[in-house]
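# A look at the structure
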Amino acid sequence: MAHNPLAPEWLSPPADANTLIDGLWPASAHRANDGAITIGGVSAPDLAARFGTPLYVIDETDARSRAAELRAAFDAEFARIGTTVKVYYAAKAFLSTEVARWMVDAGLNIDVCSGGELAVALAAGVAPGRIGFHGNNKSLAEIDDATRLGVGTIIIDSPIEITRVAAAAARHGAVQNVRLRVNSGVHAHTHEFLATSHEDQKFGVVFEDAPALVAAIRAEPSLNFLGLHCHIGSQIFGVDGFAESASRLLSLQADLLATGPVPELNLGGGFGIAYTSVDDPTPVRQLAAGLADIVAAECASRGIPVPVIAIEPGRVIVGPAGVTLYEVGTTKPVQVGENTRLYVSIDGGMSDNARPALYGAEFSVRIADRVSAADAALVRVAGKHCESGDIVVDADYLPGDVAPGDLVMVPATGAYCWSLASNYNYLGRPAVVAVVDGEARVIVRGETIDDLLARDTGISRSAHGVSTSSTSGEGSTSTTSEDVKETTR
Ligand SMILES: *Cc1c(COP(=O)(O)O)cnc(C)c1O
């Protein structure tokens, strides 16, 4: 079919708008003989019937394998240059106790950045020593808990935190391992990176201030300085941005080694994934190899030992393993000049996927319960919220007969969708279901109307007569109509 001029330049009409594009979907996703998309051996219509929509679906095997493969790739490439790697899973991408356990099973540690994330990791049984604690404004209570519970490393983000963490550790008779987050001056997004001498941002300390701050850390008997930390951004393709940042950090490392030990270097996370047909992320093995080469070369040229390396990926592990399943409620062709855009409205939106509204992020979409031979049409998948920016997929092609009642799936929603979900317009946040070997199980249940009303102190227990939330299957513990009758009588 012809290119619709309303489509963005990068989006070409597909040969077949039913095809699941390579690299966007969980490893097990495919179309079964009946045309339905199947993930982890469970078909989209089955998932919708059992758990309702919208629904987050995670391919458990895929998430576990991505974690294990990433770790194996970095282990192998850094063994080649004579060192080891600690991999921390960035929990903010997606965190539940199940997922934390998958990561620990794969040999990863866990990064958290709030007392809430810490509580989930601990509830999952993660050993405190495997946890890293981030954040530019950790509360005194969070710092106290972290030092008392024996959290493995605290990433110091400002001069003020040095004395706060030192005092808390001293109170608990502990020696706390800490890293110092430094702005390397490199800021990266997808293909480009920007290198400045001074960054105007809230995270980390100014590069030039690091030697004095490390001296202050070393002077605290209750702190043990592990090394520097930097994180240059997210959804980054290629090695260049990481290489530039590592090179700058290693020059600082060489200076710091003149006055004391610096056993580790944390290069952060940010490895990109594919959201659309034109995204071409760097394979993890290639990233690991490129990073190992630059670290080896920089250390050799400065005559310093290769440190133990730490990395903190989130998105690249869980992003591609997750999809969101929706039901189409309305469709509406909108004429724009000579051309038509088909608006397809689904039963979720910016409350379950804030990334398009927040970052202008692109996503892709496919009909999930059937294939169609209809000509492809340019669609925009819109949510049901009272906000014109409530778009989940700005532009893609779907079979032109897409209609109310169809199920659609948006791939690559495993990271930064559920974790950024909100209750805007009082929609309940959807359930999360893990699929593996033909089995589906709820790992986080969906919110019900009762959940939404529970915190409002102005409502008497029996005043609402509203039926359940849209997530009415096993994914939620919904109020039955019997309950409603009972309470509204
Ligand atoms: C968000 C974040 C990460 C993970 O980023 P991804 O893009 O998900 O890999 C790692 N480190 C820090 C400090 C972060 O804030």
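Residues numbered from 1 in each chain as written. Predicted model: local features only at pLDDT ≥ 70, side-chain atom pairs only at ≥ 80, totals over all residues. Heavy atoms only, no water.

### Remarks on the overall build of the chain
A tally of helices and strands in the chain yields 13 helices and 24 strands. Its C-alpha radius of gyration of 24 Å places the chain within 12% of the 23 Å reference for a compact globule of 489 residues. Each principal axis of the C-alpha atoms in the chain carries an extent, and together these give about 70 × 60 × 45 Å. In the form shown here, the chain has an accessible surface area of approximately 19,600 Å², with 52% of it arising from carbon and sulfur atoms. (Helix = DSSP H or I, 4+ residues; strand = E, 2+ residues; numbered from the N terminus. Rg over C-alpha atoms; globule rule 2.2 N^0.38 Å. Areas by Shrake-Rupley, 256 points an atom, 1.4 Å probe, with all protein chains shown as cover.)

### A few points about the domain arrangement of the chain
Split by domain assignment, the chain resolves into domain 1 (1-59 + 321-489) and domain 2 (83-318). Averaged C-alpha coordinates put domain 1 and domain 2 at centres separated by 34 Å. On the domain 2 side, the residues contacting the 22 residues of domain 1 number 17 residues. Together, the buried faces of domain 1 and domain 2 total about 1,800 Å²; carbon and sulfur atoms form 64% of this surface. (Domains from an automatic or database assignment. Contact = heavy atoms within 4.5 Å. Buried area = accessible area lost by both parts, 1.4 Å probe.)

### Comments concerning the site of the ligand
Neighbouring residues of the ligand: 15 residues in total, closest Lys92, Ser234, Glu312, Arg315 and Tyr416. One nitrogen or oxygen atom from the side chain of Lys92 is found 2.7 Å from an oxygen atom belonging to the ligand. One of the side-chain nitrogen or oxygen atoms of Tyr416 is found 2.6 Å away from an oxygen atom of the ligand. When the free accessible area of the ligand is taken as 390 Å², the share hidden by the protein chains comes to 92%. Under a 2 Å grid-point criterion requiring more than half of the atoms, the pocket assigned to the ligand is the largest pocket. Class assignment for the residues of the shell around the ligand results in four nonpolar, seven polar and four charged. (Near = heavy atom within 4 Å. Polar contact = N/O pair within 3.5 Å; in protein donor to acceptor, adjacent residues only side chain to side chain. 1 Å grid on protein atoms, 1.4 Å probe; cavity = no way out; pocket = protein on both sides within 12 Å on 5 of 7 lines; lining within 4 Å. Sits in = over half its atoms within 2 Å of the grid points. Nonpolar A, V, L, I, M, F, W, Y, C, P; charged D, E, K, R; others polar.)

### Points about the pairing of strand β18 (residues 339-346)
Strand direction decides the pairing type here: strand β17 (residues 322-336) and β18, joined by eight bridges, are antiparallel. Residue pairing for β18: Thr331 is matched across the bridge by Val344. Two strands pair when backbone bridges link them, and β18 and strand β20 (residues 376-382) are joined in this way by four bridges, in the parallel orientation. Pairing of Val344 across the sheet is with Val381, part of β20. (Pairing = 2+ DSSP bridges.)

### A word on a nonpolar patch on the surface
A surface patch of nonpolar side chains, about 300 Å² in accessible area, is lined by Leu358, Tyr359 and Leu420. In this fold, Leu420 is placed in the loop between β22 (407-411) and β23 (431-436). (Patch = residues over 30% accessible without salt bridge, like charges linked within 9 Å, V, L, I, M, F, W, Y side chains within 5 Å. Salt bridge = Lys/Arg side-chain N within 4 Å of Asp/Glu carboxyl O.)

### Comments concerning helix α9 (residues 284-302)
Its 19 residues give α9 an end-to-end C-alpha distance of 27 Å, which sits within 8% of 27 Å, the value for a rise of 1.5 Å per residue. Among all positions in α9, only Leu287, Ala288, Ala289, Gly290, Leu291, Ala292, Val295, Glu298 and Cys299 are buried. Of the surrounding secondary structure, the elements contacted by the buried residues of α9 are α2 (60-80), α8 (240-257) and β16 (308-311). One or two steps after α9, the chain reaches Gly303, where phi turns positive at roughly 65°. (Expected span 1.5 Å × (residues − 1). Buried < 20%, exposed > 50% of the residue type's maximum accessible area, 1.4 Å probe, protein only.)

### Structural notes on the nonpolar core
One finds Tyr89, Met103, Leu180 and Leu228 to be the most contacted residues of the largest nonpolar core, which totals 109 residues. A total of seven residues in this core trace back to one element, the largest contributor, which is α8. Per-domain counts for this core show at least three residues from each of domain 1 (1-59 + 321-489) and domain 2 (83-318). Excluding residues within four positions of it along the chain, Tyr89 makes contact with Phe94, Val99, Met103, Leu108, Asn109, Ile110, Asp111, Pro313, Gly314, Ile317 and Val318. Ranked by size, the runner-up nonpolar core spans 23 residues in total, among them Leu24, Ala29, Ala274 and Ala431. (Core = buried A, V, L, I, M, F, W, Y, C linked by side-chain atoms within 4.5 Å.)

### Thoughts on the sheet that holds strand β14 (residues 233-236)
What the three strands build is an open sheet, ordered β11-β10-β14; its pairing is mixed. Lying at the two open borders of the sheet, with one neighbouring strand each, are β11 (192-195) and β14. On average, each strand axis in the sheet is tilted by 25° relative to the strand beside it, whichever way the strands run. As paired strands, strand β10 (residues 186-190) and β14 are joined by three bridges and run parallel to one another. Across the sheet, the residue bridging to His189 is Ser234, located in β14. (Axes fitted to C-alpha atoms, helices over the stretch in contact; angles between N-to-C directions.)

### A few points about the packing of α8 against α9
Contact geometry of α8 with α9 gives a least axis separation of 10 Å together with a crossing angle of 30°. Relative to α9, the element α8 is oriented roughly parallel. Between α8 and α9 lies a crossing of right-handed hand. For the pair α8 and α9, the contacting residues are Phe242, Ala243, Ala246, Ser247, Leu250, Ser251 and Ala254 in the first and Leu287, Leu291, Ile294, Val295, Glu298, Cys299 and Arg302 in the second. Taken together, the residues that form the contact of α8 with α9 break down as 10 nonpolar, two polar and two charged. (Parallel < 35°, antiparallel > 145°, perpendicular 65-115°, else oblique. Left-handed = near helix turned anticlockwise from the far one by under 90°.)

### A word on empty space enclosed by the protein
A full pass over the atoms with the stated rule returns four cavities of 30 Å³ or more. In this structure, the largest cavity encloses a volume near 50 Å³. Forming the boundary of the largest cavity are Trp10, Leu11, Ile21, Thr276, Ser277, Phe363, Ser364, Ala395 and Asp396. (Points joined across faces, edges and corners; volume = space filled by probe spheres on them.)

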